[in-house]
Amino acid sequence: MSLKENPQPDSILTDSESSQDGKGIKQDQQVPAEVGEKLPSELTPRASLALFGAFLAMFCSVGFVNAFGVFQEYYSKDQLKNKSESDIAWLGSFNIFCMFGMTIIVGYLNDKYGPRVLLTVGSVTILFGLFMTSLCKEYYQFFLAQGLVFGVGLAFVVLPAFATIPRYFLRNRGVALGITAGGSSLGGVIWPIVLRNLFEDVGFGWGVRISAFIMLPLLCLAVLTIRLPASASLNSKHIKVKPDLSIVKHPVLILLAIGLFFTYLGLFSPFFYITSWTVSLDLDADMGFYMVSILNAASLFGRILPGLWADRIGAYNIMIISVGFSGIICTCWTEATSIATIVVLSLAYGFASGAVISLQGACAAQVAKPEQYGVAMGSVMGILSLAGLIGSPINGQLLGRWEYLGLSLFSGLAMLIGMLVLILAKLKLNPKFLRRT
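The rules behind these values
Residues numbered from 1 in each chain as written. Predicted model: local features only at pLDDT ≥ 70, side-chain atom pairs only at ≥ 80, totals over all residues. Heavy atoms only, no water. Helix = DSSP H or I, 4+ residues; strand = E, 2+ residues; numbered from the N terminus. Buried < 20%, exposed > 50% of the residue type's maximum accessible area, 1.4 Å probe, protein only. Contact = heavy atoms within 4.5 Å. Areas by Shrake-Rupley, 256 points an atom, 1.4 Å probe, with all protein chains shown as cover. Phe/Tyr/Trp six-rings, centres within 6.5 Å; stacked < 30°, edge-to-face > 60°. Lys NZ or Arg CZ within 6 Å of the ring centre and 35° of its normal. Salt bridge = Lys/Arg side-chain N within 4 Å of Asp/Glu carboxyl O. Polar contact = N/O pair within 3.5 Å; in protein donor to acceptor, adjacent residues only side chain to side chain. Expected span 1.5 Å × (residues − 1). Patch = residues over 30% accessible without salt bridge, like charges linked within 9 Å, V, L, I, M, F, W, Y side chains within 5 Å. Axes fitted to C-alpha atoms, helices over the stretch in contact; angles between N-to-C directions. Parallel < 35°, antiparallel > 145°, perpendicular 65-115°, else oblique. Nonpolar A, V, L, I, M, F, W, Y, C, P; charged D, E, K, R; others polar.

Looking at the overall build of the protein chain
When you go through the protein chain residue by residue, the secondary structure sums to 17 helices and 0 strands. Relative to its full complement of 437 residues, the protein chain shows a buried share of 59%. In the protein chain, 84% of the contacts between residues at least 6 apart in sequence involve partners at least 24 apart. On the protein chain, roughly 17300 Å² of surface is accessible, and the fraction owed to carbon and sulfur atoms is 68%.

What follows is the structure, encoded as structure tokens:
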């Protein structure tokens, strides 16, 4: 069957996308046009290519950010050894701030112009930022190149990838976004190993440059494959729809953003500090380095499998469970004092936290129309940028004063507070607590 015979999901409005009365959104209800008629598969060739491109985009963007623990460890012992852990952490946190903060603007542009131009701009900016980072010597240079330029490029890649996939998938949106976010987990497994070996073999400068060359063909594929559904592309040629900003006032979206704000205050702490925690215990330094890859490997499964479950029992339900378990595991961080227990901690936290990134898009899309996806996701990610900006430096200060116990308690409790706010968002969407939401 050709693409023309299969209506794209973008052209189908479910109850959750068409009824926004302020009292909540009804659950997705996809009923065939005729009783007994089988719904067409959502996995068309065009949708498959878009999903593949989004996976690559996340591999090169958030996946590389997940490897910042390698940079943190390298900078503290070499180029920025005169700086505190908190100062170095600002590079990673400002990276996240730019990545999420710019998505408000990028989301508007994505809804207006589509993903291709934005992905091209973002890919060029990411590569330029990495090449400039490879030449840096001073702290302010790293801040501008790796923190600012690279971070802005990330926003132009991450948002279009996340906002395009929900326009192809309705019934399988959770698992589709889980696969998309899985690219960042795979990147978090591969990039730390690649970077560490490159830093040891060819030095920092060429190590970063080679990483950029690895990204080049992958980002080109992402630009070519991430396209709007055929129906949306045809409509955009005839009707220029002005992006609808009213979605940012939706109470469920506001509660979702607040809940994720608290969650993100502590979410990345284990990713940034699990290696230094292992080293601080005088355990195997090489194994300590691989903890980041172990954590991200578990996160890969934690982003895909919960997405599959979310399509059956609800994205908000899985998100709440994920945030709650992540917070509990993080508060127990300092009880892991051997290689075996740290491996178990990394596997458990990686799997539990994986759904947070993969399902935030599905939760935002649940209260938005297809033409509002970019603005909806951009507004949520914009709030998260503030948490990304202050979270890691706060953790760095806590580490300096109260060591890892203070770090783990702050991060864990912040996520548990986020879970409580997310429960309020779920109840606002559907007052029946045990219903699919």
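Following the structure, the description resumes.
Quick notes on unusual backbone geometry
Non-glycine residue D282 carries a positive phi angle of around 60°. Residue placement: D282 occurs in the loop between helix 13 (269–280) and helix 14 (285–313). For D282, a relative accessible area of 73% gives the class exposed. Not every positive phi belongs to a glycine, and E403 is a case in point at roughly 60°. Mapping E403 onto the fold places it in helix 17 (residues 373–429).

Examining the packing of aromatic side chains
Scanning all chains against the criterion turns up 26 aromatic pairs. Through successive ring pairs, a cluster of aromatic residues spans F59, F64, F68, F71, Y74, Y75, F142, F150, W191, F199 and F204. It is K83 that lies over the ring of Y139; its NZ or CZ is 5.0 Å from the centre. Sitting over the ring of W206, R209 keeps its end group 4.5 Å from the ring centre.

Describing the pattern of salt bridges
Following the criterion strictly, the structure yields 1 salt bridge and no others. Between E200 and R196 there is a salt bridge, and its shortest N-O distance comes to 3.9 Å. Here R196 and E200 lie together in helix 9 (residues 173–201), a separation of 4 residues that amounts to about one turn. The exposure class of E200 is exposed, given its relative accessible area of 54%.

Observations concerning the environment of L260
Along the polypeptide, L260 turns up in helix 12 (residues 251–267). For L260, a relative accessible area of 0% corresponds to the buried category. Separated by 96 residues in the primary sequence, L260 and V356 have C-alpha atoms spaced 8.3 Å apart. Beyond its immediate stretch of four places on either side in the chain, L260 contacts M319, V356, Q360, V380, L384 and L422.

Some points on the side chain of S276
Of note, S276 is situated in helix 13. Among the polar contacts made by the side chain of S276, one reaches the side chain of Y404 at a distance of 2.9 Å. Look past the residues within four positions of S276 in its chain and what remains in contact with it is E73 and Y404.

Overview of helix 15 (residues 315–331)
Compared with an ideal rise of 1.5 Å per residue, which puts 17 residues at 24 Å, helix 15 spans 25 Å between its outermost C-alpha atoms and is within 8% of the ideal. Where burial is concerned, most of helix 15 is hidden: 13 out of the 17 residues are buried.

Here we look at the environment of Y273
Structurally, Y273 can be placed in helix 13. For the pair Y273 and Q72, spaced 201 residues apart in the sequence, the C-alpha separation amounts to 8.6 Å. Residue contacts for Y273: discarding those within four places in its chain leaves Q72, E85, A89, W333, S392, N395, G396, L399, Y404 and L407.

Concerning the side chain of S353
Tracing the backbone through its elements, the reader meets S353 in helix 16 (residues 339–365). Look at S353 and you get buried, because its relative accessible area is 2%. Discounting residues that sit within four places of it in the chain, S353 has contacts with L267, F271, S322 and S326.

A few points about the environment of L144
Positionally, L144 belongs in helix 8 (residues 139–164). L144 gets classed as partly exposed once you look at its relative accessible area, which sits at 44%. Remark: the alpha-carbon pair of L144 and F94, spanning 50 residues in sequence, is separated by 9.8 Å.

Remarks on a nonpolar patch on the surface
There is a patch of nonpolar side chains on the surface, built from F301, L305, L308, W309, I313 and F351 and spanning about 520 Å² of accessible area. Per-element accounting of the nonpolar patch gives the leading share, 5 residues, to helix 14. Structurally, I313 is set in helix 14.

Examining the packing of helix 12 against helix 13
One can describe the packing of helix 12 onto helix 13 by two numbers: an axis separation of 7 Å at closest approach and a directional angle of 10°. Judged by the angle between their axes, helix 12 and helix 13 are roughly parallel. Within the contact between the two elements, helix 12 uses L265, G266 and L267 and helix 13 uses S269, P270 and F271. Across the contact of helix 12 with helix 13, the residue classes tally to 4 nonpolar, 2 polar and no charged.

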